[in-house]
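Okay, here's what each chain looks like letter by letter:
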Amino acid sequence: MASIALENITKAFGKINALDDVSLEVKDNEFFVLFGPAGAGKTTLLKTIAGVEFPQKGLVKIDGEIVNHKEPMHRNISMVFESYALYPHMTVYDNIASPMRSKLYKKDEAHIRRQVERVTKMMQIDHLWERRPSQLSNGQRQRVAIGRCLVREPNAFLMDEPLAHLDAKLRHHMRGELKEMQSSFDTTTIYVTHDYMEAMSLADRIAVLNLGKIEQLGTPMEMYYTPNNEFVARLFGEPEINIFDGELTERSGELAVRAFGQAALLPVAPDAAKVLRGGEHRKVRVGIRGNDISFSFDEVPGWLRGSVYVNEPIGNKVILVADVGGVRLSLVVPNDTRAKIDQPVFLSLNMQHAIFFCAEKGTYIVRSNAAQHVSDAPGTKEEG
Amino acid sequence: MSAPTGNTYSNTETLVDTQKNKRAVTALQTFGRSLGLGLYSLFALFPLFWMVLISFKSDREMFNTLFIFTPTLENYEAVLLRTDYFMAFFQNLIVSGGAVLVTVVAGVPVAYALARYNFKHKEGVAFQILSFRFAPEIMVVVPIFLIFQNIGLLDTYLGLIWVYQLITMPLVIWVVRGYFEDISVEVEQAAQLDGYRWFEVFIKILIPLIKPGLVAACLLAFIFAWNSFTFPLVLTGFQVQTITVTSMRYIASDTVRFGQVAVAALVAITPQLIACLFIQKHLVRGLSFGAVKG
């Protein structure tokens, strides 16, 4: 296993910048997740590490050694392609055995058989050995592709959306398997995904890519609790974080936020207020997650007044979207909540958990108690 | 209980009825299809059959008999034993086979480059190659004759194989290019990461995938080269003779020896027939231009 470092990687396809001065370091045995929307440059970044795409500028280092001029075959990197890239004319067995049959990584047939057995069992495709890729479903193809990747002992595993085409149940199972594999064999893994739950549950660290640039690099907790900007904040969490405009005002010596054109003021926690006062902000953007909003259908003095816009039950929870002064806020409410559309609803925002962003640039300013949230033990990771 | 039973019964009856109808329709369809195909094959194969018949007829019976005549082998004897027709046959095999071989060795890499790499005027180059097929052979054959005369390629295997590239190369390049384009680049990249050299990737991954197209295109190219008439007529003479030119010999100035022409033609089409039968599977799959992905 090896560490991987990228220094100032720039790559353009024609006039489009796929990667723009990207630098990052993946430590030995780290599970590193590249996260971002479609077209962010995640796949190009992976291929640059693998050596099948070449950066126009910058260095790729594996274990401190510059590999820009090394052929992909000599980099000893194993990759799952998003399009599976299986060999159509070979059976599942031969596909998975292929890396162990090349001159470079030659193994004897008995060893190959044992290894293929191991990974196909793990992927639950051991009954499909004799099939060809054209005779498999997409989910099965994807598992063959993962199998072909895991069968080796490379410097690093690169996985490009390896679970994207699996059904929900299998995806959950495979997520567990990958996590387990990660902890039992020390493997450096770079994992591309656009599913924030996968990113948060698997990653040691996450890099959020957007338009070829890294928006933020850090642990899952940092992404969730202290996002660098509104873009990152919106990527993590379901329902999407609510971000609204607010105006800072003083109320009997304490800082508060006026928002939605309503009389009710939102208090700011003292430690956040200190930072906000120091930064000469008057207008801010306030982010608050759906589970930090309480609601009531009966009028409560001092709460925000809104109306129900839509009510979506999604099994284990209900997402209620409320219209407050023209701004829509999504909140997570108990499963048995029944609401009629346009019914009045009263909301209270837990401002202890609010994240403040700069009104002009959308960048992170402060949240209350940030350090404590971020250092929370991994066991308390909670999704949405 | 009785009412539902009655109901069910009548339902089954209609079901059986429609099934009967369906079976009748299917039988009719099968019959119609067979009839159509039968008629077509009669239309397609009858000339061949007729050629076989007249190859056994003597000149005397050529025009006054249809199916009943005294079979004779004198045409075969005249063509195969008394002339050097077999020579022409083998020489034709050498030029056509050689032409296809050169095309494969040079054309497949060209097709790969046209499919994979982006370079200036790529489509222009591809179209230029294809356009060699548009130009009538008679248009270029005279200048080629003069050039060959000067550089000593007239009446040689090399010269003819070279000129045949005009016929075989565009076909192979265009068919194989489509096949390469259908193969995802990531398949090649995956193989490279698996530890294979580029050349190994080409042999182990790409060649098996383009094989149906390559075989079909080569076969067609071979047939076109085999049947070529204008080029060998003008560019060859005594050293190299192709079968197409030689078979014209049996059309003498005073009389056409139809029996001998038929024998010559039968011998000429044999390799094509055999090749087609053997690689029929590849031909059908290959000419569907990658529509059926293996």
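Just so you know, these numbers come straight off a predicted model, no measurement behind them. Throughout, residues of each chain are indexed from 1 in the direction in which the sequence is written. Chain A is the first chain written and ligand 1 is the first ligand written, with later ones labelled in order. Local features in this predicted model are restricted to residues whose pLDDT is 70 or higher, and side-chain atom pairs enter the listing and the counts only when it is 80 or higher, whereas totals over whole chains, interfaces and linings include all residues.

J.: Which residues make up the overall build of chain B, and what are the values?
T.: Numbered from the N terminus, helices here are DSSP runs of H or I no shorter than four residues, and strands are runs of E no shorter than two. Along chain B, the regular secondary structure elements total 12 helices and zero strands. Secondary structure elements of chain B occur, N-terminal to C-terminal, as α-α-α-α-α-α-α-α-α-α-α-α. Only the C-alpha atoms count toward the radius of gyration. The rule for a globule is 2.2 Å times the residue count to the power 0.38. Its C-alpha atoms give chain B a radius of gyration of 27 Å, clearly above 19 Å, the size a compact globule of 294 residues would have. When its C-alpha atoms are laid out on the principal axes, chain B stretches across 100 × 70 × 35 Å.

J.: Please give an account of the overall build of chain A that cites residues and values.
T.: Broken down by element type, chain A carries 11 helices and 21 strands. For chain A, the spread of C-alpha atoms along the three principal axes comes to 80 × 45 × 40 Å. Here chain A, with 384 residues, has 41% of them falling under the buried criterion. Contacts here follow a simple rule: the backbone-placed C-beta atoms of the two residues must lie within 7 Å. Put simply, 66% of the contacts in chain A that link residues at least 6 apart link residues at least 24 apart. Every C-beta atom is placed from the backbone, and the number of other C-beta atoms within 10 Å of a residue's own sets its class: buried at 20 or more, exposed at 12 or fewer, partly exposed in between.

J.: Pulling in residues and values, what's your account of the nonpolar core?
T.: Remark: nonpolar core denotes a set of buried Ala, Val, Leu, Ile, Met, Phe, Trp, Tyr and Cys residues whose joining runs through C-beta atoms within 7 Å. In this structure, Leu158(A), Leu347(A) and Val176(B) are the most contacted members of the largest nonpolar core, which totals 151 residues. Beyond its immediate stretch of four places on either side in the chain, Leu158(A) contacts Leu46(A), Ile49(A), Ala50(A), Ile77(A), Met79(A) and Ile190(A). Counting 12 residues, the second largest nonpolar core, distinct from the first, contains Ile54(B), Val79(B), Phe89(B) and Val261(B).

J.: How would you sum up the interface of chain B and chain A? Please name residues and give values.
T.: On the side of chain A, 19 residues touch chain B, which itself brings 16 residues to the contact. Elements represented by at least two residues in the side of chain B that touches chain A include exactly helix H7 (185-193) and helix H8 (198-227) of chain B. The element that contributes the greatest number of residues to the side of chain B that touches chain A is H7(B), accounting for six residues. Residue polarity is assigned by list, with Asp, Glu, Lys and Arg as charged and Ala, Val, Leu, Ile, Met, Phe, Trp, Tyr, Cys and Pro as nonpolar; anything else, Gly included, falls into the polar class. Across the side of chain B that touches chain A, the residue classes tally to seven nonpolar, five polar and four charged.

J.: Explain the domain arrangement of chain A residue by residue, including any values.
T.: All names here are of chain A. Residue ranges for the domains trace back to a domain assignment, done automatically or taken from a database. Split into domains, chain A comes out as domain 1 (4-227) and domain 2 (235-380). Computed from C-alpha coordinates alone, the two centres of domain 1 and domain 2 are separated by 37 Å. Each side of the interface is counted separately: domain 1 has 11 residues, and domain 2 has 10 residues. Considering every element that reaches the side of domain 1 that touches domain 2, the biggest residue donor is helix H8 (residues 220-225), with five residues. Of the residues belonging to the side of domain 1 that touches domain 2, the class tally is nine nonpolar, one polar and one charged.

J.: Which residues make up the sheet that holds strand E7 (residues 156-160) of chain A, and what values do they have?
T.: Strand pairing in a sheet is mediated by backbone hydrogen bonds. Such pairs are either parallel or antiparallel. All names here are of chain A. If you trace the six strands from one edge of the open sheet to the other, you get E6-E7-E8-E3-E9-E10, paired in mixed fashion. Looking at which strands have only one partner, the edges of the open sheet turn out to be strand E6 (77-80) and strand E10 (213-218). Averaged over neighbouring strand pairs, the angle between their axes works out to 15° when direction is ignored. When DSSP finds two or more bridges between a pair of strands, those strands are recorded as paired. As defined by bridge partners, E7 adjoins strand E8 (residues 189-193) across four bridges and the pair is classed as parallel. The residue bridging Met159 from the neighbouring strand is Tyr191, located in E8. Fitted lines through C-alpha atoms give the axes, limited to the stretch in contact for helices. The angle between two N-to-C directions lies from 0 to 180 degrees. In this fold helix H5 (residues 138-150) packs onto E6 and E7, with an angle of close to 175° to the strand it touches most, E6.

J.: Please give an account of the environment of Ser307(A) that cites residues and values.
T.: Residue and element names in this part refer to chain A. Take Ser307: it is sitting in strand E16 (residues 304-313). C-alpha separation for the pair Ser307 and Ala322, spaced 15 residues apart in sequence, amounts to 5.5 Å. Setting aside its immediate chain neighbours within four residues, Ser307 contacts Ala322, Asp323, Asp342, Gln343, Pro344 and Val345.

J.: Before we move on, could you go through the packing of helix H3 (residues 85-116) of chain B against helix H6 (residues 157-182) of chain B and cite the residues and values that matter?
T.: All names here are of chain B. Two elements in contact, H3 and H6, have axes separated by 6 Å at closest approach and are oriented at 40°. Considered as vectors, H3 and H6 are oriented oblique to each other. Note on packing geometry: the crossing formed by H3 with H6 is right-handed. Its residues assigned to classes, the contact of H3 with H6 shows 21 nonpolar, five polar and three charged. Any angle that is under 35 degrees is reported as roughly parallel, and any over 145 degrees as roughly antiparallel; angles of 65 to 115 degrees are reported as roughly perpendicular and all others as oblique. In this scheme, a crossing is called left-handed if the near helix is turned counterclockwise away from the far one by less than a right angle; it is called right-handed if the turn is clockwise.

J.: Before we move on, could you go through the domain arrangement of chain B and cite the residues and values that matter?
T.: Each domain of chain B was delimited in the assignment, giving domain 1 (2-46) and domain 2 (74-287). Here the C-alpha centroids of domain 1 of chain B and domain 2 of chain B sit 47 Å apart.

J.: Quick rundown of the pairing of strand E1 (residues 4-13) of chain A? Include the residues and the values.
T.: Residue and element names in this part refer to chain A. As judged from the five bridges shared by E1 and strand E4 (residues 57-62), these two strands associate in the antiparallel manner. Its bridge partner lying in E4, Leu6 is registered against Val60. What sits between E1 and strand E2 (residues 16-26) in their antiparallel hairpin is a turn of two residues, with Gly14 showing a positive phi close to 65°.

J.: Could you give me a rundown of the confidence of the model for chain B, with the residues and numbers involved?
T.: All names here are of chain B. For every residue, the pLDDT score states the predictor's confidence, bounded by 0 at the bottom and 100 at the top. In the predicted model, chain B carries a mean pLDDT of 84, and 90% of its residues have values of at least 70. Here residues 1-8 is a poorly scored stretch, pLDDT under 50, and it has zero contacts once near neighbours within four places are set aside; other chains count. Taken together, the stretch residues 289-294 has pLDDT below 50 and engages in 11 contacts with residues farther than four places along the chain or on a different chain. With a pTM of 0.78, the predicted complex shows an ipTM of 0.82.

J.: Any details on the sheet that holds strand E17 (residues 318-324) of chain A? Residues and values, ideally.
T.: Residue and element names in this part refer to chain A. Ordered in space as E15-E19-E16-E17-E18, the five strands form an open sheet in which the pairing is antiparallel. One side of each edge strand has no neighbouring strand; the edge strands of this open sheet are strand E15 (293-296) and strand E18 (327-333). Each neighbouring strand pair of the sheet contributes to a mean axis angle of 45°, computed without reference to strand direction. Judged from the six bridges that link them, E16 and E17 form a sheet pairing that is antiparallel. Each residue of the ladder has a partner; that of Ser307, found in E17, is Asp323.

J.: Tell me about the pairing of E7(A), and please be specific about residues and values.
T.: Side chains on a regular strand alternate between the two faces of the sheet. All names here are of chain A. Among the five residues in E7, five count as buried, and that is most of the element. Residues of E7 alternate between two faces, with Ala156, Leu158 and Asp160 on one and Phe157 and Met159 on the opposite face, all of them buried. Look down the strands so they point away from you; if the path from the first strand over the helix to the second goes clockwise, the crossover is right-handed. Crossover handedness for the path E7 to helix H6 (residues 168-184) to E8: right-handed.

J.: Can you explain H5(A)? Please cite residues and give values.
T.: Residues and elements named next belong to chain A. Helix span, as expected, comes to 1.5 Å for every residue beyond the first. Between its first and last C-alpha, H5 extends 18 Å over 13 residues, near the 18 Å set by a 1.5 Å rise per residue. Listed as buried for H5 are Gln140, Arg141, Gln142, Arg143, Val144, Ala145, Ile146, Gly147, Arg148, Cys149 and Leu150. Elements in contact with the buried residues of H5: E6, helix H3 (92-101), helix H4 (109-123) and E7.

J.: Now, about unusual backbone geometry: what can you tell me, with residues and values included?
T.: All names here are of chain A. Here the residue pair Glu238 and Pro239 is connected by a cis peptide bond, since its omega of 0° sits within 30 degrees of zero. Checked against the element boundaries, Pro239 lands in the loop between helix H9 (230-235) and strand E11 (242-251). Residues other than glycine seldom take positive phi values, yet Asn29 does so here, at roughly 65°. Mapped onto the secondary structure, Asn29 falls in the loop between E2 and strand E3 (31-35). Residue Leu211 is not a glycine yet carries a positive backbone phi of 50°. Tracing the backbone through its elements, the reader meets Leu211 in the loop between strand E9 (205-210) and E10. The partly exposed category is assigned to Leu211, around which 16 C-beta atoms lie within 10 Å.

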